[in-house]
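A look at the structure
Residue strings, one per chain:
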Amino acid sequence: MKRLVAAVGLCVVLVLAGCTGVGVPPVDPTEPPTGEPTDVSTDEPRSPATAGTFEVHAINVGQADATLLRTREETMLIDSGDWRDDGETVVEYLEAHDVDRIDHLISTHAHADHIGGHEAIIDHYETEREGIGAIYDPGVPATSRTYEEYLDAVERHNVTLFEVRDGDEIPFEGTRTVVRNPPEPPGDSLNDNSVAVTIAFGNTTFLFTGDAEREMESRMLDAHGDALAADVYHAGHHGSDTSSSAAFLDAVDPEVAIVSAAHDSPYGHPHDEPLERFAERNTRAVWTATHGSIVFESNGTNISVRTQHDVTMSPLELDGAPEATADPTDPAAERTVIRSVSTAHAHQRVQPRTGVTP
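Residues numbered from 1 in each chain as written. Predicted model: local features only at pLDDT ≥ 70, side-chain atom pairs only at ≥ 80, totals over all residues. Heavy atoms only, no water.

The protein goes by MBL fold metallo-hydrolase in an unreviewed UniProt entry, where it is assigned to Natronomonas salsuginis.

Here's what the structure looks like:
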């Protein structure tokens, strides 16, 4: 922890959520997000996001995680891929989609397959583009060189960094974005202190949990229960059987689950057990290794699902699907449209405790 505080103390604002009085008051959970929803488009993805829509791009980064989210006015990046790629794939993807600025960068946790591109992305956007608005981090340190280089980049460019906690709200324009983990105080496990966020746009909801495992899922269930419900769920820990427990999936009840893992994953991801649990609940699954980069576009009621490859979304058939060959930046085509399972998702689910603002 000393390394994190020392680096941040020299160059950024560090907010200890729940320990300081800094932040904004809770938002009225019945107040709708800003922006008027429009009809779902069946055209190729447009850049920037169409007015009144919300996009989620699960980038194909192999055995790693990187997700671009964008509204009409702002962008968010959750994780940045593996350290061996050094941010190259993610930077190319962002450039291909005309992302001039990253308003919100979430570091779910300090493992090198989640923050591997952070240094390169921070350097690129702070020197070649319009910068990084703020970074959100669990504040649980690692001893890796990748983590040190990430913090060095934060210090080098004086980027604002917030240490977030369960209940904090991230001011992502057009959405209601609430942190569901880590708790206060956090523990020592990197995986179980991943930053998890619920993001509501209109009546549609998305849940991202980093490398959440059973202990973290159980804690979130105890704290939030059915408030974790989401239409689209980014499966914890790359589809590992350590995650996506039956009780957790019963609460989340997703229409679609995203698995971000390599086709030849050295860990065997995704494991059979979570795929079977998806199938038992009629949850469709998309896997970056077979579908390629995946784009969801919400108009507040419906969610268009686009993939680069037209392969099965049946969880039990994914294992036999061929490996994606498209370049991660190639266009994706619409495969299906899902409707929010609850017309009140955004209003029921998001009840922030406090907030952080850059």
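That shown, we press on.
Scanning the protein from terminus to terminus reveals nine helices and 17 strands. Buried residues in the protein amount to 60% of all 358 residues. (Helix = DSSP H or I, 4+ residues; strand = E, 2+ residues; numbered from the N terminus. Buried < 20%, exposed > 50% of the residue type's maximum accessible area, 1.4 Å probe, protein only.)

Glancing now at unusual backbone geometry. Residue Pro-182 is reached from Asn-181 by a cis peptide bond, and omega for that bond is 10°. Checked against the element boundaries, Pro-182 lands in the loop between β8 (176–181) and β9 (196–201). The omega torsion across Glu-184 and Pro-185 is -5°, close enough to zero to call that bond cis. Checked against the element boundaries, Pro-185 lands in the loop between β8 and β9. Backbone geometry at Asn-282 places phi at a positive 60°, although glycine is not the residue there.

Close contact between helix α3 (residues 118–127) and helix α4 (residues 145–157) brings their axes to 8 Å; oriented N to C, the two are set at 15°. Judged by the inter-axis angle, α3 sits roughly parallel to α4. Regarding α3 and α4, the two cross each other, and that crossing is left-handed. Listed contacts from α4 to His-118, Glu-119, Ile-122, Asp-123, Glu-126 and Thr-127 of α3 are Glu-149, Tyr-150, Ala-153, Val-154, Arg-156 and His-157. (Axes fitted to C-alpha atoms, helices over the stretch in contact; angles between N-to-C directions. Parallel < 35°, antiparallel > 145°, perpendicular 65-115°, else oblique. Left-handed = near helix turned anticlockwise from the far one by under 90°. Contact = heavy atoms within 4.5 Å.)

Counting residues in hydrophobic clusters, the biggest one holds 32 residues, and the most contacted among them are Val-90, Leu-94, Ile-102, Ile-122, Ile-132, Ile-135 and Tyr-150. Per-element accounting of this core gives the leading share, five residues, to α4. With sequence-adjacent residues up to four places away left out, Tyr-150 is seen in contact with Ser-107, Ile-115, His-118, Glu-119, Ile-122, Ile-135, Asp-137 and Leu-161. Formed by 30 residues, the second largest nonpolar core is a distinct cluster that contains Ala-58, Tyr-136, Val-164 and Phe-172. (Core = buried A, V, L, I, M, F, W, Y, C linked by side-chain atoms within 4.5 Å.)

Under the definition given, this model contains 18 salt bridges. As a salt-bridge pair, Asp-82 and Arg-84 come within 2.8 Å of each other at their nearest N and O atoms. The residue Arg-129 makes a salt bridge to Asp-100 at a minimum N-O spacing of 2.7 Å. Taken as a pair, Arg-129 in the loop between α3 and β5 (132–137) and Asp-100 in the loop between α2 (88–96) and β4 (102–106) lie far apart in primary sequence, 29 residues in all. Classification of Arg-129 by relative accessible area gives partly exposed; the value is 33%. Here the residues in one salt-bridge network are Glu-95, Asp-100 and Arg-129, joined through shared partners. (Salt bridge = Lys/Arg side-chain N within 4 Å of Asp/Glu carboxyl O.)

Attention shifts here to a negative patch on the surface. Together, Asp-86, Glu-88, Glu-92, Asp-327 and Asp-330 make up a negatively charged patch on the protein surface. Locating Glu-92 in the fold gives a position in helix α2. (Patch = residues over 30% accessible without salt bridge, like charges linked within 9 Å, V, L, I, M, F, W, Y side chains within 5 Å. Areas by Shrake-Rupley, 256 points an atom, 1.4 Å probe, with all protein chains shown as cover. Lys, Arg positive; Asp, Glu negative; His and termini not counted. Charge placed at Lys NZ, Arg CZ, Asp CG, Glu CD.)

The strand order across the open sheet built from nine strands is β6-β5-β4-β3-β2-β1-β14-β15-β16, with neighbouring strands paired in mixed fashion. Every interior strand has two partners, whereas the edge strands, β6 (161–163) and β16 (333–339), have only one. Within the sheet, the average angular offset between the axes of one strand and its neighbour, ignoring direction, is 20°. In this sheet, strand β2 (residues 67–70) lies alongside strand β1 (residues 54–58) in antiparallel orientation, the contact comprising four bridges. Bridge assignment links Glu-55 to a residue of β2, and that residue is Arg-70. (Pairing = 2+ DSSP bridges.)

In this section: the confidence of the model for the protein. Taken residue by residue, the protein gives an average pLDDT of 85. The fraction at 70 or more is 81%. Low pLDDT, under 50, characterises residues 1–48; the stretch is placed with 106 contacts to residues that sit more than four places away or in other chains. (pLDDT = per-residue confidence, 0-100.)

Moving on, we come to the environment of His-224. Inspection of the secondary structure puts His-224 in helix α5 (residues 214–224). Between the C-alpha atoms of His-224 and Ala-251, which are 27 residues apart in sequence, the distance is 9.3 Å. Each residue touching His-224, except ones within four places of it in the same chain, is listed here: Asp-166 and Arg-180.

Let us look at helix α7 (residues 272–280). Taken residue by residue, α7 has Pro-274, Leu-275, Arg-277 and Phe-278 as its buried positions. End-on, the buried residues of α7 take up no more than an arc of 160°, which puts them together on one face. On its buried side, α7 packs onto α5, β11 (232–234), α6 (246–252), β12 (256–259) and β13 (284–287). In the segment just after α7, Asn-282 is the residue with positive phi, at about 60°. (Arc of directions from axis to C-beta.)

Below, the discussion takes up the packing of aromatic side chains. Overall, the coordinates contain seven aromatic pairs when judged by the stated rule. Between Tyr-136 and Phe-162, the aromatic rings sit 5.7 Å apart at their centres with planes inclined by 20°, giving stacked as the arrangement. Placement of Tyr-136 in strand β5 and of Phe-162 in strand β6 is noted, with a sequence separation of 26 residues between them. As far as burial versus exposure is concerned, Tyr-136 and Phe-162 are alike and both buried. Measuring from ring centre to ring centre gives 6.0 Å for Tyr-147 and Tyr-150, while their planes differ by 70°; the resulting arrangement is edge-to-face. Of this pair, Tyr-147 and Tyr-150 both sit in helix α4, three residues apart, roughly one helical turn. Here Tyr-147 matches Tyr-150 in class, with each residue buried. Grouping aromatic residues by their ring pairs yields a cluster made of Phe-54, Phe-172, Phe-201, Phe-206 and Phe-296. (Phe/Tyr/Trp six-rings, centres within 6.5 Å; stacked < 30°, edge-to-face > 60°.)

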